[in-house]
Amino acid sequence: MRKSFVKWILVLASVAGMTGCGTISTLGKLEDGAGSEAMRMWDRWVEGNGDIAVATTWERKVAKGVTTDDIEGILRAVAVERNMKDVGTLPLSKELAARTGKPEKFLQVYSFCTPTTARKMVDFSPHMSAFLPCRITVVEKEDGLWLYTLNMDMMVKMGRKLPSPLKEEAKAVRDTIWEMMERASKGEI
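What counts, and where the lines are drawn
- Residues numbered from 1 in each chain as written.
- Predicted model: local features only at pLDDT ≥ 70, side-chain atom pairs only at ≥ 80, totals over all residues.
- Heavy atoms only, no water.
- Core = buried A, V, L, I, M, F, W, Y, C linked by side-chain atoms within 4.5 Å.
- Buried < 20%, exposed > 50% of the residue type's maximum accessible area, 1.4 Å probe, protein only.
- Helix = DSSP H or I, 4+ residues; strand = E, 2+ residues; numbered from the N terminus.
- Contact = heavy atoms within 4.5 Å.
- Axes fitted to C-alpha atoms, helices over the stretch in contact; angles between N-to-C directions.
- Parallel < 35°, antiparallel > 145°, perpendicular 65-115°, else oblique.
- Left-handed = near helix turned anticlockwise from the far one by under 90°.
- Patch = residues over 30% accessible without salt bridge, like charges linked within 9 Å, V, L, I, M, F, W, Y side chains within 5 Å.
- Areas by Shrake-Rupley, 256 points an atom, 1.4 Å probe, with all protein chains shown as cover.
- Salt bridge = Lys/Arg side-chain N within 4 Å of Asp/Glu carboxyl O.
- Pairing = 2+ DSSP bridges.

Enquirer: Got a minute to help me understand the nonpolar core in this structure?
Expert: When a protein is soluble and globular, its nonpolar side chains tend to lie buried together. One finds Ile-71, Leu-75, Met-84, Leu-147, Ile-177 and Met-180 to be the most contacted residues of the largest nonpolar core, which totals 30 residues. Counting only elements with at least two residues in this core, the list comes to α4 (68-81), β3 (107-113), β4 (134-141), β5 (144-150), α7 (153-158) and α8 (166-186). For this core, the element with the highest residue contribution is α8, accounting for seven residues. Other than its neighbours up to four places away in sequence, Ile-71 contacts Val-62, Val-66, Val-138, Leu-145, Leu-147 and Ala-184.

Written out as structure tokens, the structure reads:
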């Protein structure tokens, strides 16, 4: 009995040691500032009572008087200004209203993409394809309209070091989505 317990402890210590070495090895491959970004996400996860979506997204409250048409126009204008392709809209509230015959609070997903950057990112990490295309969702809540999107800093700041020019292209996509959120939330055409 004692020998098997000691053997079990040695196996666990060995696995823990290997995992630690893997972690240390991985840390050297990450973007500078990855730890700080991970801590910001951790803090948001805690603030969101364990809701992983809170930790991994950006949100903006839309200013009073800014309409859904204003938001749509601004998102599309920024996309054109920053050479990002508008690849579709999913009008969920209209679809739900059509199914039920009852009015729904506004819920619409806008999708954007920079195809050449998307291809390079997927070549770098096929798992990144799950994040394509970039999306901004407009959600009507009791207190008004809100915008939500994926926290693009995870892609640019937290992962493996991106090679140049992919790093600069990914940052440009991140900056475009940030600008879309900022301008649309304020109604800045």
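Enquirer: Hey, could you run me through the packing of α4 against α8 in this one?
Expert: Close contact between α4 and α8 brings their axes to 9 Å; oriented N to C, the two are set at 150 degrees. If you check the angle between α4 and α8, you find them roughly antiparallel. Read as a crossing pair, α4 and α8 show a hand that is right-handed. Packed against α4, whose contacting residues are Ile-71, Ile-74, Leu-75, Val-78, Ala-79 and Glu-81, the element α8 presents Thr-176, Glu-179, Met-180, Arg-183 and Ala-184 at the interface.

Enquirer: In this structure, what is going on with a nonpolar patch on the surface? I would like to understand it.
Expert: On the surface, Met-39, Trp-42, Trp-45, Val-46 and Ile-52 cluster together into a nonpolar patch covering about 510 Å² of accessible area. The topology assignment puts Met-39 in helix α2 (residues 34-47). Judged by relative accessible area, which is 48%, Met-39 ranks as partly exposed.

Enquirer: Help me understand the sheet that holds β4, please; the structure alone is not making it clear to me.
Expert: Consider a sheet: its strands pair through backbone hydrogen bonds, and that pairing is either parallel or antiparallel. Sheet architecture is open: five strands sit in the order β1-β5-β4-β3-β2, paired in antiparallel fashion. Across the chains shown, the open sheet's two edge strands, defined by having one partner strand only, are β1 (57-61) and β2 (85-90). Neighbour-to-neighbour, the strand axes of this sheet turn through a mean angle of 20 degrees, independent of strand direction. Where β4 meets β5, six bridges bridge the pair, whose relative direction is antiparallel. Residue pairing for β5: Thr-137 is matched across the bridge by Tyr-148. In the packing of α4 onto the sheet, contacts are made with β2, β3, β4 and β5, and the angle to β3 comes to roughly 5 degrees.

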